[in-house]
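Structural description and commentary
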Amino acid sequence: MNNIKAIMRRDLSAYFTSPVGYIFMMVFVTISVGLYITQFFSFPMADMRPYFDNLPLLLCVFMPAVTMRIWAEERKENTWEMLLTFPMEARELVLGKFFAALVFFALTLLSTITVPVMLMSLGKPDMGAIFGGYLGTVLLGGFFLSLGIFFSGFFKDQIVAFAVTLLTCFSFFLVGTGFIASYIDDRVPGLGSLLSDLLGLFGHYSPFTRGVIDLADVVYFLVWTTVFLVLNVMYIDGRNRPRAKTIFAGALAMSVVIGLLFNYLMAGSSIARFDLTEDKIYTISPASKNILAELDTPVQLKVYITPKDKMPTGMKELEQDIVDKLEEMRVAADGKVDYTTVYLDVANAYTDPMAAQSEDEEGEEEKEEDVIEKRMLEKGVQPFNVQAMSQDEVTSKLVYSSIGVGYKDRAEEILPQIVPQSLQELEYRLVNTIHKMTRDKAPVVALVAPKEAVNIDPQMKQILMQMGQPIPESEDPYEYLQQVLEYEKYTVERVELTKESPLPEEYDTLAVINPRALNERQRWEINRALQSGKSVIMAVQTYEWDYRPTPQGLSVNRREENPGVNELLENYGLGVSTDILMDVNKVPLSIQGGGNSLQDLLRGPQQVNLPMHILVNNTSMSEDTAITNRLSALFYLWGTALEMNEAKLTELGLEHDVIMETSDQAWSVPSSATLTGESFEEPTGGDRKAFPLMARIKGQFPDAFAEQERPEWPKAQPPSQFGQPPAPEPDDAPEPPAEPVVEQPGELILLGCSETFRKNFLRDANLDLFLNSVDAVTLNENLAMVRGRKPINRVIDRPSDSTKSFWRLINYGLANVIIAGCGIAFLMNRRRSRNAYTMAHVNE
């Protein structure tokens, strides 16, 4: 060890005795951090994966530059033979130089610490994923360093050593990418996938950037690093011995074969895996384990998939990834989940029946297999198109990849189109299906959401008539809510909350989306639901905005709504503000100019970026509830704040939690104020704060209609401002008396925005918010917790210009200034020591 330390100190000091080492560090930090920061502030997210994804290519260039001089310079300056005469073994020389280069690289990588510091200051990054990314980068750098040291021993010229190492590093990197593997597979079927398994490093590096450390990936880097270090030791140790070249060539071939054989055996397997992510999103969640533990009968899972040899290159490992996830679930369920794999061939599903009849006796077995694929088609197991490389072109290929879920004697549920991009959602899809199949009765959701009349320009109406297209009379902006609930195995009762369309007698949850001018009877029905222990989800829209481009500029007009909910909510100490809410966190909205005329359609969409287009980041959401703790950024369009009377809520004994709010840079404008262009500008004063947007209230809700008669249904509804026809006259038959209410604790989720759930915006976090809310109040929070088991976009609140400038200066300048300062100080100290040494000898 002393010899290794001596060589390491000698070589490590050599990096810092000339400006070259400092220049290398500064160039690496500037390029790697610069590539990340350049795009960071366009859409800031507390995520370093884009940074780590760029590093393999950079290391392919920088690592050869570090190692090219390690042995080549020794040979060029004729210190090679002198070094070999030291009382040291060859392995000590090689390890000393390797560790010196590794420490130098680690110090260089440490200089990028300003990036995670910036992310921690601005947002909430996943530190486990960042640590995993740095660990993977160190292992990758060590591998490239061993490769460079190996080739540096062959050449006296540093440039030649650099070029050879550069090409080899690029080969290892590129052969592991899906594009190159697909390209080679297209030329020689199976070769690209084989080379990717044997040599490709990208598939072993990328899990680290996600925060997953698989022992097989660690061993991959350690094995290849050891192989090249051992070869370097053998080359140096036997350089002047008889038949050295023959012995080394044999050792080289044997080492490479051993390394390739090891990679082949380990391809697609996992020895042990450690999930470093903050919420262990790549591990079966405790919520899933709780759901699976409640099973009283084993669940049968069947993987219907195309064989690996017939899959496109990018999907060859799909079966293994699916089976690994199912095995985790089987272990978590203590054997109550069992799975099998069924291989299906697309060609068998579409064989010509006439050809099948002409098959001879040898083909009878294949004919029997045909029946399987065709029977699967009837069950809903269908092949689908995926992209594949063929003849230098991207083509489509039909493949099978579905999972069937069977429980007792119930019909098998099919989860279609399991692809690599959707693997992260596989746990939720499976657990959700299992949970809802094992229930005796599907939960019922009563959905109250209005439809809107469509005002079509006469010119456009005439065009539709000429084309023979139907002219729509109404539009359902919330139809996707019903569809996704039915897809999630809920029974949905869509009602209008009128006498003709009342609430069903039996339901579990009432979802009131965008209520409009609620009358006394409708408020009475909602109050009765809360009082009797039902769960109610209410999304209220106080106003909408109309944008119209004009020759003078953009015309912005507010269209006020009258939800009619505050008269009810004030009895619970709640309310929805009528003030206009604005926030610095905003996103542009694409609008179609003018209207529905042909001219407007041809004009194309325009971008409008106003502070009412609020973007709610996950930093403004509660981590204490499964409804919001794993949501990405949410689009809160034209929404308003909630009003919460803490004193009254406490007096009524209602538990209340704000689970979503704006950033602390939001402000409001009174609804009575006259709006001008300045109204939409950020205020210069200090009257900004965070406003509550979503609240969850639990407890025994009071009767807001105590000692009052049940209100009658109104005789008729006037036409709304959207042109809806009046409701039909109700019959005069007296209603039966209302059943007495058995008071039970209820639950209310109140949101000051319903545009979030319109079909135009019902995607990603908006969709997850709705489903999480329904799952949490109807069933339990376990399903919502499982749904959140996926990476989220950790969007950062929009920083000010001064903050952007500060962090740009820190990332671009601080590390380089420190490196340059250390270099200058080291060189000055070295010069001072040299001068002192010279003066001491002169005096002697």
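The structure this text deals with has already been given above.
The text that follows walks through the structure, step by step, so that each part is easy to find. (Residues numbered from 1 in each chain as written. Predicted model: local features only at pLDDT ≥ 70, side-chain atom pairs only at ≥ 80, totals over all residues. Heavy atoms only, no water.)

This next bit is on the overall build of the chain. Tallying secondary structure elements over the chain gives 29 helices and 27 strands in all. Of all 844 residues assigned to the chain, the portion counted as buried reaches 49%. Within the chain, contacts between residues separated by at least 24 positions form 78% of all contacts whose residues are at least 6 apart in sequence. (Helix = DSSP H or I, 4+ residues; strand = E, 2+ residues; numbered from the N terminus. Buried < 20%, exposed > 50% of the residue type's maximum accessible area, 1.4 Å probe, protein only. Contact = heavy atoms within 4.5 Å.)

Turning our eyes to something else, we now look at the packing of aromatic side chains. Inspection of the entire model under this criterion finds 37 aromatic pairs. Ring centres of Phe24 and Phe62 lie 5.4 Å apart, and the angle between their planes is 70°; this geometry places the pair in the edge-to-face category. Residue Phe24 is found in helix H2 (residues 19-40), and its partner Phe62 is found in helix H3 (residues 49-67); the two are separated by 38 residues along the sequence. Taken individually, Phe24 and Phe62 each receive the classification buried, so the pair is uniform in this respect. Where Phe143 meets Phe228, the ring centres are 6.2 Å apart and the plane angle is 40°; that geometry is what we call tilted. Here Phe228 lies in helix H13 (residues 215-237) and Phe143 lies in helix H8 (residues 127-152), a separation of 85 residues in the sequence. Relative accessible area serves as the criterion here: at 0%, Phe143 is assigned to the buried category. Over the ring of Tyr282 we find Arg210; its NZ or CZ atom is 5.6 Å from the centre of that ring. Lying over the aromatic face of Tyr507, Lys534 brings its terminal NZ or CZ to 4.7 Å of the ring centre. (Phe/Tyr/Trp six-rings, centres within 6.5 Å; stacked < 30°, edge-to-face > 60°. Lys NZ or Arg CZ within 6 Å of the ring centre and 35° of its normal.)

Attention now moves to helix H22 (residues 479-487). Among all positions of H22, only Leu481, Val484 and Leu485 are buried. Angularly, the buried residues of H22 cover 100° about the axis, an arc narrow enough to put them on a single face. A positive phi of about 70° marks Lys489, the residue just after H22. (Arc of directions from axis to C-beta.)

The next subject is the nonpolar core. Ranked by internal contacts, the top residues of the largest apolar core, which has 73 residues, are Tyr36, Met48, Phe144, Leu201 and Phe221. Apart from the residues lying within four places of it in its own chain, the contact partners of Tyr36 are Met45, Asp47, Met48, Pro50, Tyr51, Val115, Met118 and Leu119. Core analysis: the second largest hydrophobic core is formed by 40 residues, Tyr636, Ile749, Leu769 and Val777 among them. (Core = buried A, V, L, I, M, F, W, Y, C linked by side-chain atoms within 4.5 Å.)

Hydrogen bonds between backbone atoms are what pair the strands of a sheet, whose relative direction is either parallel or antiparallel. If you trace the seven strands from one edge of the open sheet to the other, you get E12-E9-E13-E14-E27-E26-E24, paired in mixed fashion. In this open sheet, the two strands that pair with only one neighbour each are strand E12 (491-495) and strand E24 (655-661). Geometrically, the sheet is characterised by an average inter-axis angle of 15° between neighbouring strands, direction not taken into account. Sheet analysis places strand E14 (residues 535-539) next to strand E27 (residues 746-751), joined by five bridges and oriented parallel. Considered in E27, the bridge of Ile537 is made with Ile749. (Pairing = 2+ DSSP bridges. Axes fitted to C-alpha atoms, helices over the stretch in contact; angles between N-to-C directions.)

Here four strands make up an open sheet; going across it, the order is E4-E3-E7-E8 and the pairing mixed. Strands at the two margins of the open sheet, each flanked by one partner only, are strand E4 (337-343) and strand E8 (413-415). On average, each strand axis in the sheet is inclined to that of its neighbour by 20°, with strand direction left out of account. When strand E7 (residues 401-406) meets E8, the two strands line up antiparallel, connected through three bridges. Within E8, the residue paired with Gly404 across the bridge is Ile414. Helix-sheet contacts for helix H20 (residues 426-437) involve strand E3 (299-305), E7 and E8, and the interaxial angle to E7 is about 25°.

On inspection of all chains with the given rule, the structure shows 26 salt bridges. Salt-bridge contacts for Glu479 lead to Lys759; the nearest nitrogen and oxygen are separated by 2.8 Å. Separated by 280 residues along the polypeptide, Glu479 in helix H22 and Lys759 in the loop between E27 and helix H27 (764-778) bring together distant segments of the chain. A salt bridge links Arg559 to Glu544; its shortest N-O distance comes to 2.4 Å. Here Arg559, found in strand E16 (residues 553-560), pairs with Glu544, found in strand E15 (residues 543-550); they are 15 residues apart in sequence, far enough to count as distant. What makes Glu544 buried here is its relative accessible area of 4%. (Salt bridge = Lys/Arg side-chain N within 4 Å of Asp/Glu carboxyl O.)

Within the element layout of this structure, Met612 appears in the loop between strand E20 (605-608) and strand E21 (613-616). When its relative accessible area of 0% is taken as the criterion, Met612 is described as buried. Among residues more than four places away in sequence, those in contact with Met612 are Trp545, Tyr547, Ile580, Leu581, Met582, Tyr636, Leu637, Trp638 and Phe680.

Our next topic: the packing of helix H16 (residues 318-332) against H20. Contact geometry of H16 with H20 gives a least axis separation of 11 Å together with a crossing angle of 50°. Of the possible angle classes, the one that applies to H16 and H20 is oblique. In the crossing of H16 with H20, the sense of the turn from one axis to the other is right-handed. In this structure, H16 contributes Ile322, Lys325, Leu326 and Met329 to the contact, and H20 contributes Leu426, Glu427, Leu430, Val431 and Ile434. The residue makeup of the contact of H16 with H20, split by class, is seven nonpolar, no polar and two charged. (Parallel < 35°, antiparallel > 145°, perpendicular 65-115°, else oblique. Left-handed = near helix turned anticlockwise from the far one by under 90°. Nonpolar A, V, L, I, M, F, W, Y, C, P; charged D, E, K, R; others polar.)

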